[in-house]
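Survey of secondary and tertiary structure
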Amino acid sequence: MYKKSGYPKLIVDLQKLKHNIDVVQLACRDQGVEIAGIIKGCTGLGPCAMQYERAGCAYIGSSRLEQLAPLREMGIQAPLMMVRVPMLSEVEDVVRICDISLNSEVAVLKALNAQARTQDKEHQVILMADCGDLREGFWDKDEMVEVAVMVEKDLHNLHLAGVGVNVGCYGSLLPTPEKLQELVDIAERIEERIGRELEIISGGATSSLMRVDDGNLPPRVNHLRIGEGILLAYDLPHLYGYDHHHLHQDVFKLRAEVIEVKTKPSHPVGEIGFDAFGHRIKYEDRGMRRRALLGIGKCDYGDPEELICCEPGAQVLGASSDHTILDIEDAERDLKVGDIIEFDIKYATIVYLTNSGNVEKVYI
Ligand SMILES: *Cc1c(COP(=O)(O)O)cnc(C)c1O
């Protein structure tokens, strides 16, 4: 079988990842908040998942079962959390693989209950409220309360662990203290009806770390699901101005190899139609320029504009499926075929690169 060697390589610094987990977890614990480490951003890479286990994360979660399934065999003991509301067609695997799942549909809850009975298990569920972000969750909060009561009273192989909300992912909603208090209010309505406390009030994802930093998380929110804020730690400082310099933003780095270096016109020569992806592109004419081609492309990382080139003086011009084109006219280094170019990368790029079988993962 063909085994990938050489470049491109994704360099994963596990010490830096562990540091980020420790720091975020400590800040949260200080305020009575447990975290689920969400590993979908790095496609659930096993060595990365292990760092969450080593750090003692309360839960390890993903939106994809295929990423959670191997974790037990790797020796991970932390409860596994399915964070994308399950498909009806996967409830058997959800119960087999995961300890806890986020839910918003009665039909799925009933199917989970039936499966849990078949597998002789108790599966934990968190009911999701939609507080305005307009992705998953109950919009009608009266309905949500009734469903919670039904889970508690009738679905004996499910345990209603709590309630949760997602903000920011689709509707760009901010996790203001008032928004998160809406979730607490729903939790308390449910508690009143079922006559006991809910264990988990899960107040969102990375964006809710703003409330931890500001110290104004509603007191009863005791759980967050953190992906980006640990893996990359870019959004809060760069989008919202929070000081997260104590977190590493370079857990992941990309290295790609130069496969051609030539001086060429900077504007295509001839009649112009569409690029490989059917787009009309504007090309700037800067005369003859030195260019380098890299052996990596959109299939590996998605959008070339998300790449942050670390090579002084070099600039990403564009890409096709398997090629990336750099302008190196002003590069400080005299670049040659076989040289390696390093990039800092953003969240979406990490998602794509960790998914690409063409990219070797190197752990340091
Ligand atoms: C992806 C996801 C998260 C983690 O999001 P980040 O912004 O990366 O922290 C949390 N909860 C749910 C439901 C998700 O889908």
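Residues numbered from 1 in each chain as written. Predicted model: local features only at pLDDT ≥ 70, side-chain atom pairs only at ≥ 80, totals over all residues. Heavy atoms only, no water.

**Some details on the site of the ligand**
Lining the immediate environment of the ligand, one finds 13 residues, of which K40, T206, R225, G227 and E228 sit closest. Within the contact set of the ligand, a nitrogen atom lies 3.5 Å away from a side-chain nitrogen or oxygen of N166. Relative to its unbound accessible area of 380 Å², the ligand is 91% covered by the protein chains. (Near = heavy atom within 4 Å. Polar contact = N/O pair within 3.5 Å; in protein donor to acceptor, adjacent residues only side chain to side chain. Areas by Shrake-Rupley, 256 points an atom, 1.4 Å probe, with all protein chains shown as cover.)

**Points about helix α6 (residues 141–154)**
Along its 14 residues, α6 runs 19 Å from first to last C-alpha, staying within 8% of the 20 Å computed at 1.5 Å per residue. Listed as buried for α6 are K141, M144, V145, V147, A148, V149, M150 and V151. On its buried face, α6 is in contact with α5 (106–118), β6 (123–129), β7 (158–165) and α7 (177–194). If you check the start of α6, you find a side-chain oxygen 3.0 Å away from the backbone N of D142, and it comes from D140. (Helix = DSSP H or I, 4+ residues; strand = E, 2+ residues; numbered from the N terminus. Expected span 1.5 Å × (residues − 1). Buried < 20%, exposed > 50% of the residue type's maximum accessible area, 1.4 Å probe, protein only. Contact = heavy atoms within 4.5 Å.)

**Looking at the pairing of strand β15 (residues 340–344)**
Side-chain alternation along β15 places I341 and F343 on a buried face and I340, E342 and D344 on a face that remains uncovered. In the sheet, strand β12 (residues 308–309) pairs with β15 via two bridges, with the strands oriented antiparallel. Each bridged residue has a counterpart across the sheet, and for I308 the counterpart in β15 is D344. (Pairing = 2+ DSSP bridges.)

**Concerning the environment of T263**
Turning to its location among the elements, T263 is positioned in strand β10 (residues 252–265). Accessibility expressed as a relative area gives 40% for T263, which makes it partly exposed. In the structure, T263 is positioned 117 residues away from E146 in sequence and 69 Å away in space, judged by C-alpha atoms. With residues up to four places along the chain from it excluded, the contact list for T263 reads M288, R289 and R290.

**Some remarks on the environment of P70**
Structurally, P70 is set in the loop between α3 (65–68) and β4 (80–82). Spatially, the C-alpha atom of P70 lies 9.9 Å from that of L45, the residues being 25 residues apart in sequence.

**Digging into α5**
In this model α5 runs 18 Å from its N-terminal to its C-terminal C-alpha over 13 residues, within 8% of the 18 Å that 1.5 Å per residue would give. Within α5 the residues assigned to the buried category are V108, L109, A111, L112, N113, Q115 and A116. Those residues of α5 that are buried are in contact with α4 (91–97), β5 (100–103), β6, α6 and β7. Looking one or two residues past α5, D120 carries a phi angle of roughly 55 degrees, positive in sign.

**Here we look at unusual backbone geometry**
Omega for the bond connecting Y7 with P8 falls within 30 degrees of zero, at -5 degrees, which places this linkage in the cis form. Summarising the element assignment, P8 is placed in the segment before β1 (9–12). At L134, a position not held by glycine, the phi torsion is positive, near 65 degrees. Within the secondary structure, L134 sits in the loop between β6 and α6. Taking relative accessible area as the criterion, L134 reaches 52% and is therefore assigned exposed. A positive phi angle is found at S172, which is not glycine, with a value near 55 degrees. Looking at where S172 falls in the secondary structure, it is placed in the loop between β7 and α7. The class for S172 is exposed, based on a relative accessible area of 56%.

**Quick notes on the domain arrangement of the protein**
For the protein, the domain assignment lists domain 1 (31–240) and domain 2 (252–363). Here domain 1 and domain 2 have C-alpha centroids that lie 38 Å from each other. Taken residue by residue, the interface counts eleven residues in domain 1 and ten residues in domain 2. In total, domain 1 and domain 2 occlude about 990 Å² of area from one another, counting both sides; carbon and sulfur atoms represent 71% of this. The tally of links between domain 1 and domain 2 comes to zero salt bridges. Summed over the shared surface of domain 1 and domain 2, the number is three residue pairs in polar contact (both at pLDDT 80 or more). When residues of the side of domain 1 that touches domain 2 are traced back to their parent elements, those giving at least two are α2 (46–54) and α9 (228–231). Of the residues assigned to the side of domain 1 that touches domain 2, the class counts are seven nonpolar, two polar and two charged. (Domains from an automatic or database assignment. Buried area = accessible area lost by both parts, 1.4 Å probe. Salt bridge = Lys/Arg side-chain N within 4 Å of Asp/Glu carboxyl O. Nonpolar A, V, L, I, M, F, W, Y, C, P; charged D, E, K, R; others polar.)

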